[in-house]
Structures are given as C-alpha cells and as structure tokens.
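Working through the structure, step by step
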Amino acid sequence: SYLRPSDIRFSHHEIGPVFSNGKYSIKDTFLSLHQHELQPEDLPLMYVVNHHGQYVSISNRRLAVYRLLEIYGKSNLQVPVEVVQRMGSFSSRYSTQCAGKYAYLRHTQYWIGRTREEACLLN
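The rules behind these values
Residues numbered from 1 in each chain as written. Predicted model: local features only at pLDDT ≥ 70, side-chain atom pairs only at ≥ 80, totals over all residues. Heavy atoms only, no water. pLDDT = per-residue confidence, 0-100. Helix = DSSP H or I, 4+ residues; strand = E, 2+ residues; numbered from the N terminus. 1 Å grid on protein atoms, 1.4 Å probe; cavity = no way out; pocket = protein on both sides within 12 Å on 5 of 7 lines; lining within 4 Å. Points joined across faces, edges and corners; volume = space filled by probe spheres on them. Nonpolar A, V, L, I, M, F, W, Y, C, P; charged D, E, K, R; others polar.

**A word on the confidence of the model for the protein**
When pLDDT is averaged across the protein, the result is 87; 93% of the residues are at 70 or more. Across the protein, element-level confidence peaks in strand β2 (residues 8-9) with a mean pLDDT of 96 and bottoms out in helix α3 (residues 90-93) with 73.

Right, dumping it as structure tokens:
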C-alpha cells in the first residue's frame with residue numbers, strides 16, 4: 001500500500017533525531033531523499049496500524065522524514081507502507097498527546113507536523 005505521510009499519525013509524542021541504528025539522522029535521511037540520492041523505496045518499509053479509523057505509524061522516525069519531504073518539496077508524495085495488526089504492546093507505545101498530528105523532535109526545538117506551519121520552531 002501507498003499513503004500520503006500527512007494522512008498517517010505519529011504514535012509517539014516525541015521522537016529521537018537519530019534512527020535506532022545510530023548511523024543516520026532524520027535530517028540527513030530527509031536531505032538524501034530531497035536531493036534524490038535516495039528514494040522512499042530504498043528505506044525500510046514503514047509499518048502502520050489502523051487505530052480508531054486513523055493510520056498510525058509504528059515507524060515514527062520514518063514518518064518524520066516523509067512528512068518533511070512532503071512539506072518541503074513533494075506535496076503529492078505517497079510512500080510505501082505495510083498495514084499490520086495492532087500488537088499487544090501498541091497501547092503502551094501510543095504516547096501521543098495530540099492524536100498523532102505532530103511530534104516533538106527530541107534534543108531540538110522542532111515539532112514535525114503535517115504542514116509547514118505545524119513544522120515550526122518552539123518559542
């Protein structure tokens with residue numbers, strides 16, 4: 001399946017700026033995609049669950065990268081996802097405080113939302 005990043009919600013209220021492998025940052029991955037050095041299909045598949053009629057990402061950092069790409073360049077972007085069944089641990093992982101509309105990028109001053117206005121500096 002393919003979905004628009006803005007149609008997918010975050011499951012966490014805040015996310016780390018570096019992928020769990022410790023090698024790649026959200027920023028560097030976004031720039032590589034934006035400059036066409038990478039394609040969305042080059043990244044691991046993003047997993048989403050259907051939660052109360054909304055697609056919610058389990059892959060929050062990948063969603064952050066794709067949201068930035070959609071906001072800053074590819075407004076018609078659709079990315080590959082796999083819709084998976086809700087796991088037993090999903091409830092404990094669902095920490096959003098805004099229904100997943102945006103997420104705070106830890107150790108920065110940035111929120112990543114669905115639009116440029118929602119992807120803003122904290123004041």
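Past the structure itself, the notes keep going.
**Quick notes on the layout of surface pockets**
Roughly 440 Å³ of internal volume is contained in the largest pocket. Elements that contribute at least two residues to the lining of the largest pocket include exactly α1 (26-34), α2 (60-71) and α3. Considering only residue class, the lining of the largest pocket consists of nine nonpolar, eight polar and four charged. Roughly 340 Å³ of internal volume is contained in the second largest pocket. As for the second largest pocket, its lining consists of 14 residues, of which Lys27, Leu68, Leu105, Tyr110 and Ile112 are closest to the centre. Sort the elements by how many residues they give to the lining of the second largest pocket and α1 lands first, with four residues. Its residues placed into classes, the lining of the second largest pocket shows 11 nonpolar, two polar and one charged.

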